[in-house]
Amino acid sequence: MKVLFNVQSLLPPRTGIGLYTQHLIRALAATGELDALAGFLGGRIYRGEALHAFVNEDQSAHAAPALSPRGRLAALKVTMRSVPGAYAARQALREWQDGRCIGVLARQGFVYHEPNYIPVRYAGPLVITAHDLSHVRYPQFHPAERVAFLDKHLASALARADRVVTDSHFVAGELAEVYRVPESKLFVTHLGADADFRVRSAQEVAETLRAFGLRYRGFVLSVATLEPRKNVERLVAAYADLPAATRQACPLVLVGGGGWRNSALLSRVRELEAKGEVMRTGYLPRQQVVDLYSAAAVFAYTSLYEGFGLPVLEGFASGTPVLTSNVTSLPEVSAGAALEVDPLSTEAIREGLHRLLDDAQLARQHAERGLERAKAFSWEKCA
């Protein structure tokens, strides 16, 4: 089999779908079962070493060189998000640049896998990945342009695709219900946590902890974009209701970029930052992120809607007790290994944090369950 990927999502900053694309390409290549593997972006085809270099490009700075072709594409990717008509313009650009250059690969028998919902035109066999339907269930959590774009194009993309891959049985059910995608066309492939996420000793993470003035197992960690769907505002409010002594001993560390519609959240965060109880880091180098995962007392991921919830699995693999939501796909991933709470209840989140921080035996039990649960998932299985 010959497989072709759209690698636009690999442009920095590489989050969510970009990481999915990266790990899936790596794992497929490692199987040795493909006759050919290629990627396309900006009217260019990547193969062999060029594809390998792009997939494995250092993301620690979260930016491509400004004057390189990929740097310009990355800048365009970020800039266009705030421009009216951005999604339609981006799709038109992709059709113009990429639709033409991949036609020859269709004639060579390549299967085109679109990892980010909406494919460009293609005359050969087509597989798409639909990660979630949050734009349908929670349209208020997305820019109106994105919702309108997906509302216009996703139904036809699902109809065009020969197969539709989803990250969870939860999303498969959503696709069948909302878009009437036949069960025979749907394939669930759970995601995996890569080997970087593992148990690490205090000595191994000492340099990262010194950089942020943190103690081993002495902070609560959240890794999420600061936007409404990730429910960070309720997490921060719940944390702020913990006893003062707990907050002083165990600050809340927020790792991730700024989102949208987060002015109320940022106002509350700044109050707690002034007291030394909350720390925002923004995007971080990969090594620091994995160090923080394995050094935290609790990893909190109380999102309102997830198609999978990869950070929960990463917390499990790091040997850290996880607090997560009891809705959407998250219980499917957790299977009880995390402490699951109602994400709409600030009190439930506060109680969950308090229990994991106050009860060492409970925290240890959830850490052990998480490590065991993580064994059920891998990128090799996904591939």
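Residues numbered from 1 in each chain as written. Predicted model: local features only at pLDDT ≥ 70, side-chain atom pairs only at ≥ 80, totals over all residues. Heavy atoms only, no water.

1. Let's talk about the environment of Met-279
You can see Met-279 is positioned in strand β10 (residues 278-282). For Met-279, a relative accessible area of 22% puts it in the partly exposed group. For the pair Met-279 and Tyr-117, spaced 162 residues apart in the sequence, the C-alpha separation amounts to 34 Å. Setting aside residues up to four positions removed in sequence, Met-279 forms contacts with Phe-212, Leu-214, Leu-252, Val-253, Leu-254 and Glu-273. (Helix = DSSP H or I, 4+ residues; strand = E, 2+ residues; numbered from the N terminus. Buried < 20%, exposed > 50% of the residue type's maximum accessible area, 1.4 Å probe, protein only. Contact = heavy atoms within 4.5 Å.)

2. Details of the pattern of salt bridges
Tallied over the full model, the rule gives 14 salt bridges. For the salt bridge of Arg-286 with Asp-194, the shortest nitrogen-to-oxygen distance reads 2.2 Å. Here Asp-194 lies in the loop between β7 (186-188) and α9 (206-212) and Arg-286 lies in helix α13 (residues 286-295), a separation of 92 residues in the sequence. Note on Arg-286: relative accessible area 30%, which makes it partly exposed. Notably, a salt bridge pairs Arg-350 with Glu-347, separated by 3.3 Å at the nearest N-O pair. In this pair, Arg-350 and Glu-347 are both assigned in helix α16 (residues 346-358), three residues apart and thus about one turn of the helix distant. Salt bridges sharing common partners tie together Arg-137, Glu-174 and Glu-177. (Salt bridge = Lys/Arg side-chain N within 4 Å of Asp/Glu carboxyl O.)

3. As for the confidence of the model for the protein
On average, residues of the protein score 90 in pLDDT, and 92% of them reach the 70 mark or higher. Counted against residues more than four places away or in other chains, residues 60-67, with its pLDDT under 50, gives 13 contacts. (pLDDT = per-residue confidence, 0-100.)

4. Observations concerning the sheet that holds β10
Strand order across the open sheet formed by six strands is β10-β9-β8-β11-β12-β13, with parallel pairing between neighbours. Of all strands in the sheet, those with a lone pairing partner are β10 and β13 (339-341), marking the two edges. On average, each strand axis in the sheet is inclined to that of its neighbour by 20 degrees, with strand direction left out of account. For strand β11 (residues 298-301) and strand β12 (residues 322-325), the ladder comprises three bridges, and the chain directions are parallel. Residue pairing in the sheet places Ala-300 in a bridge with Leu-323 of β12. Across the face of the sheet, helix α10 (residues 232-240) comes into contact with β8 (220-223), β9 (252-255), β10 and β11 while running at roughly 165 degrees to β9. (Pairing = 2+ DSSP bridges. Axes fitted to C-alpha atoms, helices over the stretch in contact; angles between N-to-C directions.)

5. Section: the sheet that holds strand β5 (residues 126-129)
A sheet is described by the order of its strands in space; here seven strands give the open sequence β3-β2-β1-β4-β5-β6-β7, paired in mixed fashion. Of all strands in the sheet, those with a lone pairing partner are β3 (44-47) and β7, marking the two edges. Taking the axes of each pair of neighbouring strands and ignoring which way they run, one obtains an average angle of 25 degrees across the sheet. Summarising the sheet, strand β4 (residues 110-114) and β5 pair through three bridges and their orientation is parallel. Within β5, the position partnered with Glu-114 by the bridge is Ile-128. Of the strands in this sheet, β1 (2-6), β2 (36-41), β4, β5 and β6 (163-166) touch helix α1 (residues 16-31), which is tilted by about 165 degrees from β1. Running at roughly 95 degrees to β3, helix α2 (residues 48-55) makes contact with β2 and β3 of the sheet.

6. Overview of the packing of aromatic side chains
Under the criterion given, the structure shown has 11 aromatic pairs. Measuring from ring centre to ring centre gives 5.0 Å for Tyr-46 and Phe-54, while their planes differ by 40 degrees; the resulting arrangement is tilted. The same class applies to Tyr-46 as to Phe-54, namely buried. Three or more aromatic residues joined by ring pairs form one cluster here, namely Tyr-138, Phe-141, Phe-170 and Tyr-305. It is Arg-146 that lies over the ring of Tyr-117; its NZ or CZ is 5.9 Å from the centre. (Phe/Tyr/Trp six-rings, centres within 6.5 Å; stacked < 30°, edge-to-face > 60°. Lys NZ or Arg CZ within 6 Å of the ring centre and 35° of its normal.)

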